[in-house]
Amino acid sequence: MRVHVPCMQVGPIEVPIPAYQSEGAVGLDLCAAVEAPVILDPGARRLIPTGWAVAIPVGYEGQVRPRSGLALRHGVTVLNAPGTVDPDYRGELKVLLINHGDAPFTVDRGDRVAQLVLCPVAVADLGRVDTLDTTPRGQGGYGSTGV
């Protein structure tokens, strides 16, 4: 399934438009639009601009997800993963990175820092009730279905 998503460059720093890196990829790589290198010390978090804004169609959301290579090699990930981009948001896409590694990590202009995945979503019509139907799980929460 393909969906048209208008994408507009914002800000003065030019970086590549979000793009798939292979034929079967589902995530569009987002690049860092930073003027100067950004150093993420261990435990530090920073909001990294991408230089792009998108118009996601109604019925879809954008999910900002980590890049597995950054997580594996450096312990750097998206803090609020997946971050949600709503279809009515028109501001610059930004990525909240955190360094869980044990060494400082440098983000340079153009580095691929996250990926954007478009997903169809349902909109719920909530109805208030006095009781809910029962299930075998019931109110069992964290860890109730096994380890």
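Note that residues are indexed from 1 along each chain, following the sequence as it is written. Thresholds applied to this predicted model are a pLDDT of at least 70 for local features of residues and 80 or more for the giving and counting of side-chain atom pairs; totals over whole chains, interfaces and linings are not thresholded and use all residues. The side-chain numbers reported here are obtained from all heavy atoms of the structure, hydrogens and water having been left aside.

Turning to the overall build of the protein chain, a few remarks are in order. Helical segments are the DSSP runs of H or I of at least four residues, strand segments are the runs of E of at least two, and each set is numbered from the N terminus. Of the regular secondary structure elements, the protein chain holds 1 helix and 10 strands. Each helix and strand of the protein chain, ordered N terminal to C terminal, gives the series β-β-β-β-β-α-β-β-β-β-β. Taking 2.2 N^0.38 as the reference for a compact globule, 147 residues should give roughly 15 Å; the C-alpha atoms of the protein chain span a radius of gyration of 19 Å, well beyond that estimate. Under the scheme applied here, a residue whose accessible area is under 20% of the maximum for its type counts as buried, over 50% as exposed, and between as partly exposed, the area being computed with a 1.4 Å probe on protein chains only. By residue count, 33% of the 147 residues in the protein chain fall in the buried class. Radius of gyration: C-alpha atoms only; globule rule: 2.2 Å multiplied by the number of residues to the exponent 0.38.

On to the pattern of salt bridges. A side chain with one charge can pair with a side chain of the opposite charge if their charged atoms come near. Within this document, salt bridges are pairs made up of a side-chain nitrogen of Lys or Arg and a carboxyl oxygen of Asp or Glu, the two lying within 4 Å of each other. If you walk through the whole model with that rule in mind, you get 2 salt bridges. Taking the shortest distance from any N to any O, the salt bridge between aspartate 29 and arginine 67 comes out at 3.7 Å. Note that aspartate 29 is positioned in strand E2 (residues 28-31) and arginine 67 in the loop between strand E5 (60-65) and helix H1 (68-74), a separation of 38 residues in sequence. Among the residues examined, aspartate 29 registers a relative accessible area of 6% and is labelled buried. The residue aspartate 29 makes a salt bridge to arginine 112 at a minimum N-O spacing of 2.7 Å. In this pair, aspartate 29 is assigned in strand E2 and arginine 112 in strand E10 (residues 112-120), connecting sequence segments 83 residues apart. By relative accessible area, which is 35% here, arginine 112 ends up partly exposed.

One bridge is not enough; two strands pair if DSSP finds at least two bridges between them. What the 4 strands build is an open sheet, ordered E2-E10-E5-E7; its pairing is antiparallel. Strands at the two margins of the open sheet, each flanked by one partner only, are E2 and strand E7 (83-85). In this sheet, neighbouring strand axes are inclined to one another by 35 degrees on average, regardless of whether the strands run parallel or antiparallel. Across 3 bridges, E5 lies against E7 in antiparallel orientation. Only the stretch in contact is used when a helix axis is fitted, and all axes are lines through C-alpha atoms; the angle between N-to-C directions ranges over 0 to 180 degrees.

A few words on the side chain of aspartate 29. Two N or O atoms form a polar contact when they lie within 3.5 Å of each other; inside protein one atom must be a possible hydrogen donor and the other a possible acceptor, and for residues adjacent in sequence the pair counts only when both atoms belong to side chains. A polar atom in the side chain of aspartate 29 sits 2.7 Å from the side chain of arginine 112. For aspartate 29, the residues in contact, after removing those within four places along its chain, are Pro18, Ala19, Gln21, Arg67, Arg112, Ala114 and Gln115. By the convention used here, residues are in contact when the closest approach between their heavy atoms is within 4.5 Å.

Turning our eyes to something else, we now look at the UniProt feature "binding site: substrate" (unreviewed entry) in the protein chain. UniProt positions are given in the numbering used here, feature names are shortened, and annotations may be inferred rather than shown by experiment. As annotated by UniProt and renumbered to match this structure, "binding site: substrate" (unreviewed entry) occupies Arg67, Ser68, Gly69, Asn80, Thr84, Val85 and Asp86. A maximum C-alpha distance of 26.3 Å shows the annotated residues, which cover 20 residues in sequence, to be distributed over more than one spot. Secondary-structure assignment places threonine 84 in strand E7. Within the structure, the side chain of threonine 84 is placed 3.3 Å from the side chain of glutamate 61, a separation counted as a polar contact. Counting through the fold element by element, aspartate 86 comes out in the loop between E7 and strand E8 (92-99).

In this section: the side chain of glutamine 63. Here glutamine 63 is to be found in strand E5. Taking relative accessible area as the criterion, glutamine 63 reaches 13% and is therefore assigned buried. Only 2.8 Å separates the side chain of glutamine 63 from the side chain of glutamate 61, close enough to count as a polar contact. A distance of 2.5 Å separates polar atoms of two side chains, one belonging to glutamine 63 and the other to arginine 65. Setting aside chain neighbours within four positions, we find glutamine 63 in contact with Pro82, Gly83, Gln115, Leu116, Val117 and Cys119.

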